Amino acid sequence: MSTIFEKIIAREIPADIIYEDDTVVAFLDIKPVHAGHALVVPKTPFTDIFTSDPKTLSHMMEVATTIGRRLKERLGADGVNLVMNNGAAAGQEVFHAHLHIIPRYEGDHAFTPPTHDPVTPEDITATAEKLRD
Ligand code: AMP
């Protein structure tokens, strides 16, 4: 089943496209955190980071850097968040891989502070052990 992003790539529905090449398209999010909030989307409909190929991911990052720079230079952003939600539990709503590029301003409080599990230093060390090869 094709996602809304495939329809944007195929020009079946409109979007405010700000960048396009053979591999990716970037357009503005319809519900921006701040004006200029953009999405970099691979033309191949990978579901998420785990099914995307590394070359495409690397190119998405390169394009995100270019757009992030424009957010700073042209919109006056003080900082830029790059966010990729992978899986419903991580907040992914459109199951076609994409990178959010979000302009940020000093004191904008756009994101509520993340919660933290109460862990001990020993817990952190035990978790590190599980994650090492
Ligand atoms: P995610 O939660 O990471 O899957 O984010 C999906 C994003 O796509 C949300 O921020 C939506 O506002 C955005 N979005 C959904 N439909 C469209 C659309 N037609 N044009 C632009 N952005 C969209």
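Report follows, based on the coordinates. Keep in mind that what you see is a predicted model, and the values were worked out from it rather than measured.

Description of the overall build of the protein
Thought 1: From N to C terminus, the protein includes 3 helices and 5 strands.
Thought 2: Listing every helix and strand of the protein by position from the N terminus yields α-β-β-β-α-β-β-α.
Thought 3: Put simply, the protein has 133 residues, and 30% of those count as buried.
Thought 4: If you take every contact in the protein between residues at least 6 apart in sequence, the share linking residues at least 24 apart comes to 54%.
Thought 5: Here the protein displays about 8900 Å² of accessible surface, and carbon together with sulfur accounts for 56% of that area.
Thought 6: Each charge class in the protein can be summarised by its mean position, and for the 12 positive and 20 negative side chains these summaries are 5 Å apart.

A few points about the sheet that holds strand 5 (residues 99-104)
Thought 1: The strand order across the open sheet formed by 5 strands is 1-2-3-5-4, and the pairing between neighbours is antiparallel. The open sheet has two free edges, formed respectively by strand 1 (17-20) and strand 4 (79-83), since each of these has just one partner strand. Ignoring strand direction, the axes of neighbouring strands in this sheet form an average angle of 20°.
Thought 2: Bridge count for strand 2 (residues 24-28) against strand 3 (residues 38-42) is 5 bridges, and the pairing is antiparallel. Counted as the bridge partner of phenylalanine 27 is leucine 39 from strand 3.
Thought 3: The sheet strands contacting helix 2 (residues 54-75) are strand 1, strand 2, strand 3, strand 4 and strand 5, and the helix crosses strand 5 at an angle near 20°.

A look at unusual backbone geometry
Thought 1: The phi angle at arginine 11 is positive, at roughly 65°, despite the residue not being glycine.
Thought 2: Among the structural elements, arginine 11 can be located in the loop between helix 1 (4-9) and strand 1.
Thought 3: For arginine 11, a relative accessible area of 48% translates into the label partly exposed.
Thought 4: One non-glycine residue with positive phi stands out, namely histidine 109, at about 45°.

Section: the packing of aromatic side chains
Thought 1: Enumeration according to the criterion identifies 1 aromatic pair in this entry.
Thought 2: Geometrically, the ring pair formed by phenylalanine 5 and phenylalanine 27 is edge-to-face, given 5.4 Å between the ring centres and 75° between the ring planes. Linking phenylalanine 5 in helix 1 with phenylalanine 27 in strand 2, this pair joins segments that are 22 residues apart in sequence. Of the two residues, phenylalanine 5 and phenylalanine 27, both sit in the buried class.

Description of the pairing of strand 3
Thought 1: Of all 5 residues making up strand 3, 5 are buried, and the element is well covered by its neighbours.
Thought 2: Here strand 3 shows a buried face lined by Ala38, Val40 and Pro42 and a second buried face lined by Leu39 and Val41.
Thought 3: Across 3 bridges, strand 3 lies against strand 5 in antiparallel orientation. Within strand 5, the residue paired with valine 40 across the bridge is leucine 99.

Here's the deal with the layout of surface pockets
Thought 1: The space that makes up the largest pocket amounts to roughly 630 Å³.
Thought 2: Lining the largest pocket are 26 residues; nearest its centre among them are Asp29, Ile30, Leu39, Glu93 and His100.
Thought 3: At the level of elements, helix 1, strand 2 and strand 5 are the ones that each hand at least two residues to the lining of the largest pocket.
Thought 4: The greatest single-element share of the lining of the largest pocket, amounting to 3 residues, is contributed by helix 1.
Thought 5: Residue composition of the lining of the largest pocket, by class: 16 nonpolar, 6 polar and 4 charged.

About the thresholds
Residues numbered from 1 in each chain as written. Predicted model: local features only at pLDDT ≥ 70, side-chain atom pairs only at ≥ 80, totals over all residues. Heavy atoms only, no water. Helix = DSSP H or I, 4+ residues; strand = E, 2+ residues; numbered from the N terminus. Buried < 20%, exposed > 50% of the residue type's maximum accessible area, 1.4 Å probe, protein only. Contact = heavy atoms within 4.5 Å. Areas by Shrake-Rupley, 256 points an atom, 1.4 Å probe, with all protein chains shown as cover. Lys, Arg positive; Asp, Glu negative; His and termini not counted. Charge placed at Lys NZ, Arg CZ, Asp CG, Glu CD. Pairing = 2+ DSSP bridges. Axes fitted to C-alpha atoms, helices over the stretch in contact; angles between N-to-C directions. Phe/Tyr/Trp six-rings, centres within 6.5 Å; stacked < 30°, edge-to-face > 60°. 1 Å grid on protein atoms, 1.4 Å probe; cavity = no way out; pocket = protein on both sides within 12 Å on 5 of 7 lines; lining within 4 Å. Points joined across faces, edges and corners; volume = space filled by probe spheres on them. Nonpolar A, V, L, I, M, F, W, Y, C, P; charged D, E, K, R; others polar.

Note that all results are geometric; they support no functional claim without further evidence.
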